[in-house]
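# An overview of the molecular structure
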Amino acid sequence: MAQHIERQLAQLKERILHIGTLVEEAIAKSITAFINRDKKLAQRVMLNDDEIDRMEVEVEEECLKIFALYQPVAADLRLVVSVLKINNDLERIGDLAKNIAKRASSVALTDGVELPPEILAMATLAQEMVRESLEAVVNSDSALARRVREEDDAVDEFRRQVREMVLAGIKAETEQVESLLGINAVSTHIERIADMATNIAEDVIYMVEGDIVRHRAGDA
Amino acid sequence: MPRDTEQTPPAAVLNEQPAAVGDRLLAVANGEDIPSEVHDRVREETPVLEIDRFSLWYGRKQAIHSVSMPIPHNQVTALVGPSGCGKSTLLKSVNRLNDLVQNVRITGDMRLNGDSIYDPRMDVIDLRKRMGMVFQKPNPFPMSIYENVVYALRIDGERNRGVLDEACEVSLRGAALWDEVKDRLRDSALGLSGGQQQRLCIARAIAAEPEVLLLDEPCSALDPIATGKVEDLIQELRGRYSVLMVTHNMQQASRASDYTAFMYLGRLVEYGPTSDIFTKPILRETESYVTGRFG
């Protein structure tokens, strides 16, 4: 029994990490597509999202199967519950990457609007948070998960700066409104990605320590 | 205090998975004493029974090593642990059934509502009247259903028909058996199914209005449907009776009890609210037991 469930749990962890890899790739490509105005790459990101969606359903089915057949308790229970939630968050990150890619292929960014450095910085940081949160999943590392939680504030600050810059731009140069709105939307998506990475980190803390730290700022 | 020199740790524990088992269990396997992890919420409850540094030897073999634990009033407490961990011995010590075994020696004490169970002045028959016990195998007496239930009242000298009838109905209802047997109370109890027999034994036990109900693996001889009914019954007893139950079945402990105590080789390892023991136990040793990694 114990060996059997252990094998199932190991497979489950492998699958969630596979989704994690696909999602990381999707974010990186969508941001590159946005920066380089690469419509082809953006198209690829949008197509690949179907694969992420398909795998998300598979992982959810796997979790439900483990609940029904093995009735996991304690650490096993926490692992399956966390995977179920992380799975959901990863799928949503995939959707956000797809949204960024959509912007990259639709917004005319050819009108000479410079991308603000803040949006590049926040993109780098959000990607780092996703990478670290997945690493925390792999190594059951709640200390790393706590660091990810802390990093979210910096992303929020970048997001605020981008928004101010966009607002100022709109007030000053009305003909670039569409590009500016595009930049604004992408920064929102990146901020949401960082939020999802924070959720994943919080699930890791629950998985390892059994404490639900969500909605409890500052006690990390 | 005599040390147990004969007790050798099971080879499987030491050889196969020392890393997964955890330091405390290894220490226990090596014959060392460990501190018990008793959750605060257990201590906050009013105890009906207090087990106080209780140790027990069968001859030279020590079966229980200084176990201290309060058993909460009107709650269901489950004792779990691998075979030979001392959980049944501990249960049988509560109503001094171990007095019947030769060469048993004990130290420490247990107190039932403040009265020392092992006080030499304690009348064992009186003590057992204050507790009900239900065993693994249903053991209805070879008499009618009715006589089984009112047995304790009869030997106590109760003759009033009305009192006996009422006790019979109340107890059978309390044991969730009334509707199934009310039309055949005069039939032999041996004609009931295994699950019904076990619930009858519980009815017989609660007819005496015990201060504690002791259940020794009450479902291990029952099929899943009968097990489900007995578990439902145990849940219903909560709030009205203090139940101390030994079980091999981890899921039964998780479904039917309020508090769970994990024992290993005669020691109490961890004792806390069942919901915590099965979601986030404090010790990884407990975690490895409840998840089936060990034991």
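Residues numbered from 1 in each chain as written. Chains lettered and ligands numbered in written order. Predicted model: local features only at pLDDT ≥ 70, side-chain atom pairs only at ≥ 80, totals over all residues. Heavy atoms only, no water.

Next up on the list: the sheet that holds strand β10 (residues 259-264) of chain B. All names here are of chain B. Read from one edge of the open sheet, seven strands run β1-β11-β10-β4-β9-β8-β7, paired in mixed fashion. Two strands close off the open sheet at either side, each with one partner strand: β1 (37-38) and β7 (131-134). Bridge analysis of strand β4 (residues 76-80) against strand β9 (residues 243-246) gives four bridges, and the strand direction is parallel. Residue pairing across strands places T77 opposite L244, the latter belonging to β9. This element, helix α10 (residues 194-207), spans β7 and β8 (212-216) of the sheet and lies at about 170° to β7. (Pairing = 2+ DSSP bridges. Helix = DSSP H or I, 4+ residues; strand = E, 2+ residues; numbered from the N terminus. Contact = heavy atoms within 4.5 Å. Axes fitted to C-alpha atoms, helices over the stretch in contact; angles between N-to-C directions.)

Residues and elements named next belong to chain A. Between helix α1 (residues 2-36) and helix α2 (residues 39-70), the least distance of the axes is 10 Å, while the angle of their chain directions is 160°. Between α1 and α2, the angle is such that the two are roughly antiparallel. Seen from above, α1 lies across α2 with left-handed handedness. Tallied by class, the residues present in the contact of α1 with α2 amount to 18 nonpolar, six polar and seven charged. (Parallel < 35°, antiparallel > 145°, perpendicular 65-115°, else oblique. Left-handed = near helix turned anticlockwise from the far one by under 90°. Nonpolar A, V, L, I, M, F, W, Y, C, P; charged D, E, K, R; others polar.)

Below, the discussion takes up the pattern of salt bridges. Applying the stated rule across the entire model yields 39 salt bridges over all chains. Residue E287 of chain B pairs with R78 of chain A through a salt bridge whose shortest N-O separation is 3.2 Å. On the criterion of chain membership, the pair formed by E287 of chain B in helix α14 (residues 284-290) and R78 of chain A in helix α3 (residues 74-106) is interchain, its members lying in two chains. You'll find E287 of chain B and R78 of chain A in the same group, each marked buried. Salt bridges linked by common partners bring R15, E51, R54, E58, E62 and K65 of chain A together as one network. (Salt bridge = Lys/Arg side-chain N within 4 Å of Asp/Glu carboxyl O. Buried < 20%, exposed > 50% of the residue type's maximum accessible area, 1.4 Å probe, protein only.)

Once that is clear, we can look at the interface of chain B and chain A. The interface of chain B with chain A comprises 11 residues on the first partner and 13 residues on the second. Taken together, both faces of the contact between chain B and chain A bury some 910 Å²; the carbon and sulfur share is 50%. Tallied by class, residues from the side of chain B that touches chain A come to four nonpolar, four polar and three charged. (Buried area = accessible area lost by both parts, 1.4 Å probe.)

Residue and element names in this part refer to chain A. Relative to the helices and strands, Q176 is located in the loop between α5 (142-172) and α6 (177-209). Residue classification places Q176 among the buried positions, given a relative accessible area of 14%. Expressed as a C-alpha distance, the spacing of Q176 and V113, which sit 63 residues apart in the sequence, is 7.3 Å.

Bringing helix α8 (residues 161-174) of chain B into the picture now. Every α-helix winds through 3.6 residues per turn, so residues three or four apart in the chain are directed the same way. Residue and element names in this part refer to chain B. With 14 residues, α8 extends 20 Å between its outermost C-alpha atoms, agreeing within 8% with the 20 Å of an ideal straight helix rising 1.5 Å per residue. Of all the residues in α8, the buried ones are L164, A167, C168, S171, L172 and G174. Looking down the long axis of α8, one finds its buried residues gathered within 155° of arc, a one-sided arrangement. Opposite the buried face of α8, by more than 90 degrees, sit the exposed residues E166 and V170. Here the buried face of α8 lies against α7 (145-155), α9 (178-181), α10 and α11 (224-237). In this structure N160 caps α8, since a side-chain oxygen of it lies 2.8 Å from the backbone nitrogen of G162. Positioned one or two residues after α8, A176 has a phi angle of 55°, which is positive. (Expected span 1.5 Å × (residues − 1). Arc of directions from axis to C-beta. Polar contact = N/O pair within 3.5 Å; in protein donor to acceptor, adjacent residues only side chain to side chain.)

One non-glycine residue, S140 of chain A, adopts positive backbone phi at about 45°. At S66 of chain B, a residue that is not glycine, the phi angle is positive and equals roughly 40°. Its location among the elements puts S66 of chain B in strand β3 (residues 61-72).

Residues and elements named next belong to chain B. Scanning all chains against the criterion turns up zero disulfides over all chains. No disulfide involves C201; its sulfur sits 12 Å from the nearest other cysteine sulfur, which is in C219. C201 gets classed as buried once you look at its relative accessible area, which sits at 3%. (Disulfide = S-S within 2.5 Å.)

All right, on to the packing of aromatic side chains then. The geometry of two aromatic rings is summed up by the distance between their centres and the angle between their planes. All names here are of chain B. Scanning all chains against the criterion turns up three aromatic pairs over all chains. One cation-aromatic arrangement involves R186 over Y146; the distance from NZ or CZ to the ring centre is 4.2 Å. Its end group placed over the ring of F141, R204 keeps NZ or CZ at 3.9 Å from the ring centre. (Phe/Tyr/Trp six-rings, centres within 6.5 Å; stacked < 30°, edge-to-face > 60°. Lys NZ or Arg CZ within 6 Å of the ring centre and 35° of its normal.)

Moving on: the nonpolar core. The biggest cluster of nonpolar side chains holds 64 residues, and the ones touching the most others in it are F34, L90, I93, I119, I183, I190 and I193 of chain A. Going through the elements one at a time, α1, α2, α3, α4 (117-139), α5 and α6 of chain A are the ones with two or more residues in this core. No other element matches the 13 residues that α6 of chain A contributes to this core. Non-local contacts of I119 of chain A, meaning those with residues more than four positions away in its chain, are made with F34, V162, I183, V186, S187 and I190 of chain A. Among the nonpolar cores identified, the runner-up in size contains 59 residues, and L25, V134, L185 and A203 of chain B belong to it. (Core = buried A, V, L, I, M, F, W, Y, C linked by side-chain atoms within 4.5 Å.)

All names here are of chain B. Taken together, four strands build an open sheet; the order of strands is β3-β2-β5-β6 and the sheet is antiparallel. Looking at the sheet topology across the chains shown, the edges are occupied by β3 and β6 (115-116). As judged from the eight bridges shared by strand β2 (residues 47-58) and strand β5 (residues 104-112), these two strands associate in the antiparallel manner. Counterpart to D52 in the pairing with β5 is D109. Set on the sheet, helix α5 (residues 87-94) makes contact with β2, β3 and β5; between it and β2 the angle comes to about 115°.

Okay, the pairing of β5 of chain B next. Of the pairings in the sheet, the one linking β5 of chain B to β6 of chain B comprises two bridges and is antiparallel in character. Its bridge partner lying in β6 of chain B, R111 of chain B is registered against S116 of chain B.

Everything listed is a geometric property; what it means functionally is a separate question.
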